[in-house]
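# An overview of the molecular structure
Chain residues, written in single-letter form:
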Amino acid sequence: MNPILYPKRFLTMKSFSKLACFISLLAFTSLSNALPSDRNQPIEIDAERAERNDKTGVTTFIGNATLTQGTLKISADFIRVKQNPSGVDNIVAEGQPAKFQQQPEANEPLVKAEAEKILYSVAKETVNLSVNAQIDRGDGSTINSDSIDYDIRESHSVASGDSGVKIVIQPQTEENSGNEQ
């Protein structure tokens, strides 16, 4: 391969194999409870450019970056994936805004989130949305704040910020309450 046409900073075949390993690990560690079929779907990452640093284990997808796997979709100006010897450590998406969406269950609407920065820590199983954070549950229920932290294991979230927190909770209807007669 001509190094002038294919500089080392861009993904090489060796780097692509490491990336494939990351992709298969990501398939088993979704950001939230997702459709079971999502984990069995291939992951596709599109961007205008990709850079890989084998020494640091960081791959950066730059320019209209989109990661999809089943109903999971992350889109941002750039997506950075950090790997360690045991697998993926974290994923950072930044944009104006960075966006995340996923369908939690087959009969539920897409959950959409956005912020200027989304940090997913795989090992800690946490997601942080920072700067103009917003989550829309797809049923009209929303949360807006400067920052939203979500602990996946504990199903616990904390919203905070200098500008306060705004939450909209839609009333439960017979249709979504499970009290069908």
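Presented here is a report on the structure given in the accompanying data block. (Residues numbered from 1 in each chain as written. Predicted model: local features only at pLDDT ≥ 70, side-chain atom pairs only at ≥ 80, totals over all residues. Heavy atoms only, no water.)

### Observations regarding the overall build of the protein chain
When its secondary structure is counted, the protein chain shows two helices and ten strands. The order of helices and strands in the protein chain, counted from the N terminus, is α-β-β-β-β-β-β-β-β-β-β-α. Looking at the protein chain as a whole, 35% of its 181 residues are labelled buried. Of all intrachain contacts in the protein chain linking residues separated by at least 6 positions in sequence, the fraction that spans at least 24 positions is 40%. About 11,000 Å² of surface is accessible on the protein chain, with carbon and sulfur atoms providing 50% of the total. (Helix = DSSP H or I, 4+ residues; strand = E, 2+ residues; numbered from the N terminus. Buried < 20%, exposed > 50% of the residue type's maximum accessible area, 1.4 Å probe, protein only. Contact = heavy atoms within 4.5 Å. Areas by Shrake-Rupley, 256 points an atom, 1.4 Å probe, with all protein chains shown as cover.)

### Observations concerning the pattern of salt bridges
With the rule as written, the count across this model stands at two salt bridges. Taking the shortest distance from any N to any O, the salt bridge between glutamate 51 and arginine 49 comes out at 2.3 Å. A relative accessible area of 23% means that glutamate 51 is categorised as partly exposed. With a relative accessible area of 33%, arginine 49 lands in the partly exposed category. The residue arginine 52 makes a salt bridge to aspartate 54 at a minimum N-O spacing of 3.0 Å. Residue arginine 52 is classed as buried on the basis of its relative accessible area, which comes to 9%. (Salt bridge = Lys/Arg side-chain N within 4 Å of Asp/Glu carboxyl O.)

### Comments concerning the pairing of strand β8 (residues 142–151)
The side chains of a regular strand alternate, first on one face of the sheet and then on the other. Bridge count for strand β7 (residues 126–136) against β8 is nine bridges, and the pairing is antiparallel. Counterpart to serine 130 in the pairing with β8 is serine 147. As consecutive antiparallel partners, β7 and β8 are separated by five residues, and within that stretch glycine 138 has a phi angle of approximately 90°, a positive value. In this antiparallel pair of consecutive strands, β8 and strand β9 (residues 156–160), the connection spans four residues, and serine 155 shows a positive phi of 50°. (Pairing = 2+ DSSP bridges.)

### Details of unusual backbone geometry
The peptide bond linking glutamine 96 to proline 97 adopts the cis configuration, its omega dihedral lying at 0°. Structurally, proline 97 can be placed in strand β5 (residues 87–102). Located in the positive-phi region is asparagine 64, a residue other than glycine, with phi close to 50°. Looking at the element boundaries, asparagine 64 is found in strand β3 (residues 58–69). Even without a glycine there, the phi angle at asparagine 132 is positive, about 55°.

### Examining the nonpolar core
In this structure, Ile74, Ile79, Ala93, Ile118, Leu129 and Ile135 are the most contacted members of the largest nonpolar core, which totals 28 residues. If we ignore the near neighbours within four places in the chain, the residues touching isoleucine 79 are Thr59, Thr60, Phe61, Ala65, Thr66, Leu67, Ile74, Ile91, Val92 and Ala93. (Core = buried A, V, L, I, M, F, W, Y, C linked by side-chain atoms within 4.5 Å.)

### A word on the side chain of threonine 59
Along the polypeptide, threonine 59 turns up in strand β3. Within the local environment of threonine 59, its side chain forms a polar contact with the side chain of arginine 52, the two groups lying 2.9 Å apart. (Polar contact = N/O pair within 3.5 Å; in protein donor to acceptor, adjacent residues only side chain to side chain.)

### Digging into the environment of glutamine 170
In this fold, glutamine 170 is placed in the loop between β10 (166–168) and α2 (174–177). Since its relative accessible area comes to 36%, glutamine 170 is described here as partly exposed. Along the backbone, glutamine 170 and aspartate 139 are 31 residues apart, and their C-alpha atoms lie at a distance of 7.3 Å. Other than its neighbours up to four places away in sequence, glutamine 170 contacts Asp139, Gly140 and Ser141. Reaching out from glutamine 170, the side chain makes a polar contact with the backbone oxygen of glycine 140 at a distance of 3.2 Å.

Don't take any of this as a statement about function, it's just geometry.
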